[in-house]
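Chain by chain, the residues run as shown.
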Amino acid sequence: MPERKADKPLSRDVRDAGRLLAEALAEQDGEEVLALEERVRSLAVQRRRGPKPARADAARRLVELLARLPIEHAEPIIRAFAVYFQLVNVAEQVHRIRRARAHAEQAAKGEGGSQRGSLADVLSRAKKAGVSAEAARQAIAELRVVLTFTAHPTQAVRRTVLEKLYRVSRVLHERDRCRLTPQEAERSTLSMREEITQLLQTDEVRRERPQVADEVKNITWYVEEIIYECYPALADSFERAFEESYGEKLGFHPTPVRVHSWAGGDMDGNPLVTPEVVEDAIRAYHARGLRKLIWELRRLGSSLSQSDRRVKVPQRLLASLEEDERRMPWLAEKLGPRSRGEPWRRKLTFLTARLSSTLAEVEQGRPVHFSPEGVLPHVRVPEPHRTAITAGELEREMVLVADTLREAKGAHAGERAARALLDRIRAFGEHIAELEIRAPAEDALSAARALAGEGELSPGGKRLVEALRRIRTAQLTGGERACRTLILSMTTKPEEVLAALQCARAAGLWSEEKGCASLDIAPLFETPEALEQAPGIMARLFEDAEYRRHLAGRKGQEVMVGYSDSGKEVGLLAANALLRRAQLDILETARAAGVDLWFFHGRGETVARGGGPSQGAILALPKGSVAGLLKVTEQGEALDHKYALPELALRTLELTVGGALLHTLGAAEGPGPEEEARYEQVFAELADEGRRVFRALVWEDPQFEAFYRAATPVDEIAEMNIGSRPAKRAAGGLKALRAIPWVFAWTQSRAIVPGWYGVGSALAKIGTRPGGQKLLAEMYKRWPFFRSVIDGVEMVLAKADLEIASRYAQLAAPELRQAVWTRIEAEFERTEKWVRKVNGHRRLLDGNKPLQRSIDVRNPFVDPMSFLQIELLKRRRAGDPQATAPLLLTVGGIAAGLRNTG
């Protein structure tokens, strides 16, 4: 594919990174290893890009070369390829930012419209759809987008590696945006070379399985270093976009995004998440949030040097300082008169001291706050002696700082920075992230029965009750925002939710006055059976008088829908149909009962687990399901390629928030009700056929599981030290395997079966009818839901490589290959053919050229990793223990190369 002029900077960055990597590899492992790596890479490129007759010969020579490869050379070659992909990922991230900047510059010159999916584009579309300025303003003010970060067993990137890659990206940014002198350019290159060399010298795979605390630390890195820093820019984008579209000021700073975390609270199948770990995680999020605020206050205070000789200080600021001096006479004495002439700086010094006092109390585990929500019993300290500060008090104090700066003509002398910090305080409170806990629904049922004297307390039930007690203490210390959501995984009946309510009450998480718990209880429906039964379960819950009082106190009901287990059970199309139908029916049930309800979408990064472009996936959700509140999980590698850089994070936030806003306003393009009903009938047929074909292979063929275990590295993945949670919920075979490693193993083999199997047969059944192909093409063009599904399948097909996957299939016995692989090959060919018929593309991804080019560039370099993995699987399974370490490295390398793997 010819290179576009706009992509030349990307090629330059990739080329320079590759050259520096080659130099580092030669230095670290010798010229012989470098020559071998170049030979492997060259043959892989010839196999994919050479003349057709030469491709098979290149593949044969590559296999022969790797079969002779000394094991001591395998590891450095694999590490070199893995580091190369990490560097390519960074270069692509920087290039995405470069393209966005170029687009913004063109738009500013009037040479093009707003970037697709940006807030400017979203509000422009809203206005064209007839949404008034006041309606848009109100929707923006009320909008909430909750991003729940989760630790994941397919995210192999360690925090130390993240930090090195971040520094590489900064070097590329500096080179791209600054005019460097020759000496500066030399230093820039040297810095990049040092980071690359350190990456080669750093263990990519941990020597020991990470602890939950490591996962907490990884997640807080993204929040502290990236999201927290770019948050004010999101408010700026909103204000600018609103004014561009409506010609008037928005009038306030929007703060729609909230960050939650499961790391430290996910007890579903993870024995390492104990009540003590839950307590430690809450304390860690609280302490890190306080430290960040202390740092921000000090930074702001250092800049607010206004003198009372130069500005008129508002009386209410002076009165507030007098109150601070009475509360902290020791600090007033220490400061003396020297800071009295700089009142705003003095004010922030007092606030910093109060936050430092709060931090000391939190680290000691003492309950120093009272709950501003009034749900829990107040723990009050006499005002003159209480120096710790709640998030609510801090917000009021910062409003005072910002408002008095404006009164003193400081709109351009600190007010902007003060309000940016105020926005963060409103969004985050004192916690860098809000912990949520997840527990099996059966544990809540067991615990409630035991508490009622009807049986023994099971280990899971005991853990849940004790964790809830620790959460009560945390809420006393830091308010409800410490942890206020309990997810019940594998919910199958209303009694489990009611049992969780009783457990919360027994743990002290209760207000008799309001008749509700101080946390939301969210059932998680994830299996096909649970999704089908979910509306009935919710209807029975809404009929329970005590539960209705709880919902009245909590202002509504949260329901989580899982995108993983359903796909594993019935295939992609049927899972999508089930999820869509369940959401529509649950919404109707809630409306009939007069209950406000919002969904929590447990999406993964792969298409088989609900993944896809942020805005497209949101706009594909059922109408009415995003009524001002969107909550989604952000998992595994998604954190890296969505949030690794502030500019990327801002773009991700704009896409997500913009999609939620468009959906809420009902301004997205789509078919009318009658048309959509007709399309839904067709999709139901597609889903039925897809389910039949998928289950016939995965669940009804007795030879399938043996083939899967032989033709993928699923058993080897379970040994990797990349997640604290086991790969299986319990002992057993395919049924017990979690959906994440199920998809991950198929991706490693390059077949990616869960992302497309059954789709081709379903499309062919409808498409071969008279007018069927035309109808499917119309659905693709008019219906965002169907388009999102087909686009996701197309992306998976483009990333798959059936020729390489067939080499993995050779690892299985001949009778297994004959029974299973021939069916997979035939369905792949059928699916690719019909996807292109439906979307009209001559070649896969013709509608997404940047992704198409990215895959074209990456595949020749992913291929050697796959060939190496196959060879190492053979050696390991033949009993060679030395093959284990390099084999596990190939897993991380292929994941980095393909992305969307878990």
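Here is what the cut-offs are and how they apply
Residues numbered from 1 in each chain as written. Predicted model: local features only at pLDDT ≥ 70, side-chain atom pairs only at ≥ 80, totals over all residues. Heavy atoms only, no water. Helix = DSSP H or I, 4+ residues; strand = E, 2+ residues; numbered from the N terminus. Polar contact = N/O pair within 3.5 Å; in protein donor to acceptor, adjacent residues only side chain to side chain. Contact = heavy atoms within 4.5 Å. Pairing = 2+ DSSP bridges. Axes fitted to C-alpha atoms, helices over the stretch in contact; angles between N-to-C directions. Parallel < 35°, antiparallel > 145°, perpendicular 65-115°, else oblique. Nonpolar A, V, L, I, M, F, W, Y, C, P; charged D, E, K, R; others polar. Salt bridge = Lys/Arg side-chain N within 4 Å of Asp/Glu carboxyl O. Buried < 20%, exposed > 50% of the residue type's maximum accessible area, 1.4 Å probe, protein only. Core = buried A, V, L, I, M, F, W, Y, C linked by side-chain atoms within 4.5 Å. Phe/Tyr/Trp six-rings, centres within 6.5 Å; stacked < 30°, edge-to-face > 60°. Lys NZ or Arg CZ within 6 Å of the ring centre and 35° of its normal.

The next subject is the side chain of Glu325. Within the secondary structure, Glu325 sits in helix α11 (residues 315-327). Within the structure, Glu325 has its side chain in polar contact with the side chain of Arg340 (distance 3.1 Å). Ignoring anything within four residues of it in the chain, the contact list for Glu325 reads Ala332, Arg340, Arg346 and Phe350.

Read around the closed barrel, eight strands run β1-β2-β3-β4-β7-β8-β9-β10, paired in parallel fashion. Neighbouring strand axes in the sheet, compared pairwise and without regard to direction, differ in orientation by 25° on average. Across six bridges, strand β8 (residues 557-562) lies against strand β9 (residues 597-602) in parallel orientation. Each residue of the ladder has a partner; that of Glu558, found in β9, is Trp598.

A few words on the packing of helix α30 (residues 759-767) against helix α31 (residues 772-782). Taken N-terminus to C-terminus, the directions of α30 and α31 make an angle of 120°; their axes are 7 Å apart at the nearest point. The angle between α30 and α31 places the two elements in the oblique class. On α31, the residues touching Leu763, Ile766 and Gly767 of α30 are Gly772, Gln773 and Leu776. In terms of residue class, the contact of α30 with α31 is made up of three nonpolar, three polar and no charged.

A separate point is the pattern of salt bridges. Summed over the entire model, instances satisfying the criterion amount to 88 salt bridges. The residue Lys765 makes a salt bridge to Glu689 at a minimum N-O spacing of 3.7 Å. Taken as a pair, Lys765 in helix α30 and Glu689 in helix α26 (residues 673-698) lie far apart in primary sequence, 76 residues in all. With a relative accessible area of 10%, Glu689 lands in the buried category.

Looking now at the environment of Leu400. With respect to the helices and strands, Leu400 occurs in helix α14 (residues 391-407). The class of Leu400 is buried, set by a relative accessible area of 12%. Residues Leu400 and Ala418 lie 18 residues apart in sequence; the distance between their C-alpha atoms is 9.9 Å. Once you skip the residues sitting within four places of it in the chain, Leu400 turns out to touch Arg316, Leu317, Ser320 and Lys347.

Moving on to the pairing of strand β10 (residues 629-635). Burial runs high along β10: six of the seven residues are buried. Note that β9 and β10 share two bridges and pair parallel. Paired with Phe600 across the bridge in β10 is Lys631.

Right, let's get into the environment of Gly553. Tracing the backbone through its elements, the reader meets Gly553 in helix α20 (residues 545-554). C-alpha separation for the pair Gly553 and Glu513, spaced 40 residues apart in sequence, amounts to 9.6 Å.

One recurring pattern in soluble globular proteins: nonpolar side chains tend to sit buried together. One finds Phe149, Met398, Ile437, Leu468, Phe525 and Tyr643 to be the most contacted residues of the largest nonpolar core, which totals 144 residues. Looking at this core, the element that brings in the most residues is helix α9 (residues 212-246), giving 16 residues. Counting 68 residues, the second-largest nonpolar core is a separate cluster that includes Val698, Val714, Val793 and Trp821.

What follows is about the packing of aromatic side chains. For the structure shown, the criterion picks out 23 aromatic pairs. For the ring pair Tyr228 and Phe428, a centre distance of 5.0 Å and an interplane angle of 45° mean the geometry is tilted. Note that Tyr228 is positioned in helix α9 and Phe428 in helix α15 (residues 411-428), a separation of 200 residues in sequence. For Tyr228, a relative accessible area of 2% gives the class buried. Among the residues examined, Phe428 registers a relative accessible area of 5% and is labelled buried. These aromatic residues form a ring-pair network of at least three members: Tyr679, Phe683, Trp783, Phe785 and Phe786. Lying over the aromatic face of Phe600, Lys631 brings its terminal NZ or CZ to 4.3 Å of the ring centre. The ring centre of Trp834 lies 4.4 Å from the NZ or CZ of Lys837, which sits over that ring.

Turning our eyes to something else, we now look at the pairing of strand β2 (residues 257-261). With respect to burial, β2 is a largely interior element, five of its five residues being buried. Residues Val257, Val259 and Ser261 line one face of β2 and the alternating positions Arg258 and His260 line the opposite face, and both faces are buried. Of the pairings in the sheet, the one linking strand β1 (residues 144-150) to β2 comprises five bridges and is parallel in character. Along β2, the bridge assignment pairs Phe149 with Ser261.

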